[in-house]
Amino acid sequence: MAAPPSELVVEADGGSRGNPGPAGYGAVVLDPVSGEPLAEAAEYIGTATNNVAEYRGLIAGLKAARKLAPEASVRVRMDSKLVVEQMSGRWKIKHPDMKPLAAEAARVFPASQVRYEWIPRERNKHADRLANEAMDAGKRGRPWQPADSSVIRAVSATDTDTSAARVVGDQAAGAARARAALAGDGSSPDTEAITRAAVPSVGWATADLGAPATLVLLRHGETALTPQKRFSGSGGSDPELSEAGRRQAEAAAAMLAARGTVQEIVTSPLLRCRQTAAAIAERLGLDVQVEKGLREADFGAWEGLSFAEVKERYPDDLDAWLASPKAAPTGGESFTAVARRVAAARDRLVERHAGRTVLAVTHVTPIKTLVRLALGAPPESLFRMELSAASLSAVAYYRDGNASVRLLNDTSHLR
């Protein structure tokens, strides 16, 4: 059995159609690395104010998180400034309806395990949707029920204050997933978004945070497998650059030398990346460090196959992989596992190279994952980005933990 997570994100919301009026709340517990929903809770609570509904959503979210991992640290994100400021201790709680709710929320976890963060309403869409689903269900005289999915198990009503809740399993795959076309070597098919992910706090800094650590993300040049759009990960034959790929590496090197901003070079351990990095290092006069966490996903039994061949030979594998970031090809690696590995590599690089610009030569899945995590986008956003061979992307990481995507899939140097 997997160990309980050490950190969780709770997003909660509440609404009242009339304030006071028919009210409901919604809450979701998220994996902070992958952005994957781990549990949902929602309930129609009758006539109440917005503030009461928001507090009830907070309580349900905290209780669902406690059910998953009672020792975890919890980051609560809400668009209610009132609740965030009151629970953070910066605003006094004066209203008699709020005091018992705030006290109940404070009892779920020790105060040292919880921190509160305000986010704009548009970044709280998952919890907002659940709250509206609960109010819609109440209007029809029915309790809220989670959407159809492969549910692992339900959170007991006693742990969520009589609200309907669930621990989320693998989401059902839509028809659009089966029609997806592989975007390239090591990339993934297009699909429709199904969930909302954890979103980091972003916005204008109130203090000078200094120069960020900037990762310039270069996808390696083409190999023989790239034009054929075959899965090429870290578990296959480790192909070298093709002649076209070597030309692309030289073009990237010329552009980066002209720009003159790169101060360090790191690379995936796979040959195609090391060859790309070597061409650039020679032009820039820099050494190359290998970062194992930047290797491509291991596609297991799919290595070297086209999307059509995988669909024919491993249809169950493919359906599961398209439906859930937890699913892995036979003998391969899931997107969830890749996200944890890549996030750990990112943290090492950001700490080691604070204030510097680092060229990271890597692959489709790690680059998409770094961009997704920086944006706080859901796991299925991996299927909605395209990265060309030898393309450049960039993400800046600031000391306060925020990140800014500065570039995506730039191929101007190849024209």
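Residues numbered from 1 in each chain as written. Predicted model: local features only at pLDDT ≥ 70, side-chain atom pairs only at ≥ 80, totals over all residues. Heavy atoms only, no water.

Draft legend 1. Inspection of the pattern of salt bridges at higher detail. Here the structure, examined in full by the defined rule, presents 21 salt bridges. Between Arg77 and Glu11 there is a salt bridge, with the nearest N and O atoms lying 3.3 Å from each other. Of the two residues, Arg77 is situated in strand 4 (residues 73-78) and Glu11 in strand 1 (residues 7-16); the sequence distance between them amounts to 66 residues. Each member of the pair, Arg77 together with Glu11, is buried. With a closest N to O distance of 3.0 Å, Arg346 and Asp347 form a salt bridge. Because the salt bridges share partners, they merge into one network encompassing Glu7, Arg75 and Arg115. (Salt bridge = Lys/Arg side-chain N within 4 Å of Asp/Glu carboxyl O. Helix = DSSP H or I, 4+ residues; strand = E, 2+ residues; numbered from the N terminus. Buried < 20%, exposed > 50% of the residue type's maximum accessible area, 1.4 Å probe, protein only.)

Draft legend 2. Broad picture of the packing of helix 1 (residues 50-68) against helix 3 (residues 98-108). At their nearest, the axes of helix 1 and helix 3 sit 9 Å apart, and the two run at 15 degrees to each other. When the interaxial angle is binned, helix 1 and helix 3 end up roughly parallel. When you trace helix 1 past helix 3, the crossing you get is left-handed. Two secondary-structure elements touch here, helix 1 through Asn51, Val52, Tyr55, Arg56, Leu58, Ile59, Leu62, Lys63 and Arg66 and helix 3 through Met98, Leu101, Ala102, Glu104, Ala105 and Val108. Of the residues contributing to the contact of helix 1 with helix 3, the split by class is ten nonpolar, one polar and four charged. (Axes fitted to C-alpha atoms, helices over the stretch in contact; angles between N-to-C directions. Parallel < 35°, antiparallel > 145°, perpendicular 65-115°, else oblique. Left-handed = near helix turned anticlockwise from the far one by under 90°. Contact = heavy atoms within 4.5 Å. Nonpolar A, V, L, I, M, F, W, Y, C, P; charged D, E, K, R; others polar.)

Draft legend 3. The sheet that holds strand 12 (residues 403-410), seen in detail. Spatially, the six strands line up as an open sheet ordered 9-8-10-7-11-12, and their pairing is mixed. Looking along the sheet, the strands with just one partner apiece sit at the ends: strand 9 (288-290) and strand 12. Each strand of the sheet is rotated relative to its neighbour by a mean of 20 degrees, with strand direction disregarded. Of the pairings in the sheet, the one linking strand 8 (residues 264-267) to strand 10 (residues 357-362) comprises four bridges and is parallel in character. In the sheet register, Ile265 faces strand 10, and the bridge partner there is Leu359. (Pairing = 2+ DSSP bridges.)

Draft legend 4. Representation of the nonpolar core within the structure. Counting 37 residues, the largest nonpolar core has Tyr55, Leu58, Leu62, Val76, Met87 and Tyr116 as the members making the most contacts within it. Of all elements in the fold, only strand 1, strand 2 (21-30), strand 3 (37-48), helix 1, strand 4, helix 2 (81-87), helix 3 and strand 5 (114-118) reach the threshold of two or more residues within this core. At nine residues, the largest contribution of residues to this core is made by helix 1. Apart from the residues within four sequence positions on either side, Leu62 is in contact with Val10, Val74, Val76, Ala105, Val108, Phe109, Val114 and Tyr116. Listed in part, the 33 residues of the second largest apolar core include Leu217, Val310, Val342 and Leu349. (Core = buried A, V, L, I, M, F, W, Y, C linked by side-chain atoms within 4.5 Å.)

Draft legend 5. Expanded view of the packing of aromatic side chains. Under the defined criterion, the tally for this structure stands at seven aromatic pairs. Consider the rings of Phe335 and Phe383, whose centres lie 5.9 Å apart with planes at 65 degrees: the pair is edge-to-face. Here Phe383 lies in the loop between helix 11 (364-375) and strand 11 (392-397) and Phe335 lies in helix 10 (residues 335-352), a separation of 48 residues in the sequence. Judged by relative accessible area, which is 7%, Phe335 ranks as buried. Among the residues examined, Phe383 registers a relative accessible area of 5% and is labelled buried. (Phe/Tyr/Trp six-rings, centres within 6.5 Å; stacked < 30°, edge-to-face > 60°.)

Draft legend 6. Looking closely at the packing of helix 6 (residues 243-259) against helix 7 (residues 271-284). Helix 7 packs onto helix 6 with a crossing angle of 35 degrees between their chain directions and a minimal axis gap of 8 Å. Viewed along their axes, helix 6 and helix 7 form a crossing whose handedness is right-handed. Here Ala249, Glu250, Ala252, Ala253, Ala254, Leu256 and Ala257 of helix 6 lie close against helix 7, whose contacting residues are Thr276, Ala279, Ile280, Arg283 and Leu284. Split by residue class, the contact of helix 6 with helix 7 holds nine nonpolar, one polar and two charged.

Draft legend 7. Looking closely at helix 1. Here helix 1 is 19 residues long and its end C-alpha atoms lie 27 Å apart, about the 27 Å a rise of 1.5 Å per residue gives. Most of helix 1 is tucked away, with 14 of its 19 residues classed as buried. (Expected span 1.5 Å × (residues − 1).)

Draft legend 8. Structural detail: the pairing of strand 12. Relative to strand 12, strand 11 is paired through five bridges, and the arrangement is antiparallel. From the neighbouring strand, Ala394 faces strand 12, where its bridge partner is Leu407. Linking strand 11 back to strand 12 in an antiparallel pair, the connection comprises five residues, with Gly401 at a positive phi of about 95 degrees.

Draft legend 9. Looking closely at helix 11. Here helix 11 contains twelve residues, and its C-alpha end-to-end distance of 17 Å stays within 8% of the 16 Å for a straight helix at 1.5 Å per residue. Every buried residue of helix 11 is listed here: Val364, Thr365, Pro366, Ile367, Lys368, Thr369, Leu370, Val371, Arg372, Leu373 and Ala374. For helix 11, the secondary structure elements touched by its buried residues are strand 7 (213-219), helix 10, strand 10, strand 11 and strand 12. Backbone geometry just after helix 11 places Gly376 at a positive phi near 70 degrees.

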